[in-house]
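Report on the structure
In case you want the letters, here they are:
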Amino acid sequence: MIKQGVSLKTYNSFGVAAEAALFAVAKTIEDLQFILKDQRFASAWILGGGSNTLFCETPKTPIIQLAISGIEITEEQGDEVVIKAGAGVNWHELVLWSLEKGFGGLENLALIPGNVGAAPIQNIGAYGVELQDVFESCTLVNRNDQSVETYDKVACQFGYRDSIFKRELKHKAVITDVCLRLKKENYRLNTSYGAIAQLFTSKGISTPSPKEIADVVIDIRTTKLPDPKQLGNAGSFFKNPIVDHDQFEQLKSSFPDIPHYAQSNQNYKIPAAWLIEQVGLKGTRKGDVGTHKHHALVLVNFGNASGDDIKVFSQMVQQAVEERFDIRLQPEVNFCC
Ligand SMILES: Cc1cc2nc3c(=O)[nH]c(=O)nc-3n(C[C@H](O)[C@H](O)[C@H](O)COP(=O)(O)OP(=O)(O)OC[C@H]3O[C@@H](n4cnc5c(N)ncnc54)[C@H](O)[C@@H]3O)c2cc1C
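Definitions and cut-offs
Residues numbered from 1 in each chain as written. Predicted model: local features only at pLDDT ≥ 70, side-chain atom pairs only at ≥ 80, totals over all residues. Heavy atoms only, no water. Pairing = 2+ DSSP bridges. Helix = DSSP H or I, 4+ residues; strand = E, 2+ residues; numbered from the N terminus. Axes fitted to C-alpha atoms, helices over the stretch in contact; angles between N-to-C directions. Contact = heavy atoms within 4.5 Å. Phe/Tyr/Trp six-rings, centres within 6.5 Å; stacked < 30°, edge-to-face > 60°. Buried < 20%, exposed > 50% of the residue type's maximum accessible area, 1.4 Å probe, protein only. Lys NZ or Arg CZ within 6 Å of the ring centre and 35° of its normal. Domains from an automatic or database assignment. Buried area = accessible area lost by both parts, 1.4 Å probe. Salt bridge = Lys/Arg side-chain N within 4 Å of Asp/Glu carboxyl O. Disulfide = S-S within 2.5 Å.

Let us now look at the sheet that holds strand β10 (residues 135–142). Neighbouring strands of a sheet are bound in pairs by backbone hydrogen bonds; such pairs are parallel or else antiparallel. Spatial ordering of the open sheet is given by β6-β7-β12-β10-β11, a layout of 5 strands whose pairing is antiparallel. Sheet topology places β6 (71–77) and β11 (148–152) at the edges, where each strand pairs with a single neighbour. Looking at each pair of strands side by side, their axes are set apart by 20° on average, direction ignored. Pairing geometry for β6 and strand β7 (residues 80–86), over 6 bridges, is antiparallel. Opposite Q77, over in β7, you have E80 as the bridge partner. Its contacts with the sheet place helix α1 (residues 29–37) against β10, β11 and β12 (173–183), and it is angled at close to 40° to β10.

Turning next to the packing of aromatic side chains. Inspection of every chain in the model, using the stated rule, returns 11 aromatic pairs. When the ring of W274 is compared with that of F325, the centres are 5.7 Å apart and the planes differ by 50°; the resulting orientation is tilted. One end of the pair, W274, is in helix α7 (residues 272–278); the other, F325, is in helix α8 (residues 307–325), and 51 residues separate them in sequence. F325 matches W274 in its accessibility class, with the two residues each being buried. One aromatic cluster is present, built from ring pairs that chain together F14, F237, F238 and F335. Looking at K269, its charged tip hangs above the ring of Y160, at a distance of 3.8 Å from the centre. Over the face of the ring belonging to F302 we find R285, whose NZ or CZ atom lies 4.2 Å from the ring centre.

To continue, consider unusual backbone geometry. Here Q157, not a glycine, exhibits a phi torsion of approximately 50°, which is positive. Relative to the elements of secondary structure, Q157 occurs in the loop between α3 (153–156) and β12. Residue classification places Q157 among the partly exposed positions, given a relative accessible area of 36%.

What follows deals with the domain arrangement of the protein. Looking at the assigned domains, one finds that the protein contains domain 1 (2–66), domain 2 (71–203) and domain 3 (232–336). Inter-centroid distance (C-alpha atoms) of domain 1 to domain 2 is 23 Å. The contact between domain 1 and domain 2 buries some 1200 Å² in all, and 64% of this surface belongs to carbon and sulfur atoms. When the buried area of domain 1 at its contact with domain 2 is split by residue, I29, L36 and L66 rank highest and sum to 38% of it. Inspection of the region where domain 1 meets domain 2 yields 0 salt bridges. Looking at the side of domain 1 that touches domain 2, the elements that each hand over two or more residues are α1 and β3 (45–47). Looking at which element gives the most residues to the side of domain 1 that touches domain 2, the answer is α1, with 5 residues.

Further remarks concern the state of the cysteines. Counting across every chain of the model gives 1 disulfide. Between the sulfur atoms of C56 and its disulfide partner C337 the distance amounts to 2.0 Å. Between C56 and C337, the S-S torsion sits near 45°, and that sign places the bridge as right-handed. Of this pair, C56 sits in the loop between β4 (53–55) and β5 (63–66) while C337 sits in the segment after β20 (334–336), placing them 281 residues apart in sequence. For C56, a relative accessible area of 8% puts it in the buried group.

Set out below in structure tokens:
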């Protein structure tokens with residue numbers, strides 16, 4: 001269960017070389033509790049699929065990989081069903097499993113890399129849907145005393161790419177399974193996202209099935225996003241910044257064309273990709289690190305970049321955007337250094 005000197009290169013979607021002095025795999029809650037009781041793992045880094053993690057060359061912390069498997073139906077009532085999946089289940093496999101059963105709710109979240117246990121951490125989202133829209137609860141192990149607790153949607157305090165696990169519970173809890181409430185019929189489908197809506201209109205489909213939506217999402221993602229197996233990356237490197245009304249008005253007076261999305265509380269979300277493009281950094285390369293030529297927000301490893309190289313490059317991007325727009329981009333990616 002515990003190994004020494006493990007290469008992390010294949011455990012992160014950036015494909016950067018790094019080595020963990022200590023590496024443990026938890027296949028059950030009991031494994032996890034046992035590992036957490038070992039003082040050497042007191043401050044260990046929790047690893048899922050490594051698709052949102054940037055490793056420095058020598059992470060100072062040991063690693064615990066969550067490999068708890070299993071998907072089951074725990075409740076069925078009327079047109080709803082609750083499913084439970086272990087933290088180590090691959091997210092996209094869960095989506096495919098749910099679609100095969102005819103369940104709706106996860107279709108827009110198809111093909112997001114990573115594992116189930118990490119999904120609540122940043123409230124994964126894509127194409128107009130977020131995890132919180134289907135989230136029922138999750139089980140977590142408290143790292144201090146190894147007690148097991150259940151957190152419901154309210155307790156998780158979800159926000160845009162955010163949850164309690166990125167704030168008060170950061171490094172304090174390990175998610176071991178996630179329960180999702182899906183629909184067996186009377187689906188609540190979301191086809192509002194531009195590219196999805198256009199495709200269905202052009203195909204003359206007015207009420208697509210969850211599977212048809214997932215197929216379109218998979219098509220769009222496969223053609224548009226760089227595959228980490230070909231080009232190391234972690235998807236969006238930064239979150240889209242949210243500014244308040246006053247800051248937005250100032251920005252708009254200086255940059256009348258600034259794209260923006262009004263939020264519920266008089267705040268505005270600004271696409272980080274646009275900000276990066278405006279400072280001339282779309283498709284820029286320094287050594288083996290750069291921004292993708294079609295996606296300014298995606299930082300890529302062209303070959304042999306180290307985690308530190310990527311970190312330094314990301315800081316250069318942050319600085320350039322801040323100097324021009326007075327906005328500090330916040331990384332979506334988690335640094336394990
Ligand atoms: C090509 C590409 C496209 C992407 N597209 C999207 C997208 O559309 N939407 C989106 O939201 N994200 C996207 N991402 C980011 C990524 O897929 C998600 O953040 C995903 O949830 C990460 O899962 P993981 O298992 O790989 O997490 P990891 O990288 O292993 O971990 C991420 C964080 O969660 C913590 N963590 C992991 N598992 C647990 C656990 N069981 N308990 C407690 N903490 C844990 C880790 O310590 C780390 O801080 C994309 C990434 C790539 C590479």
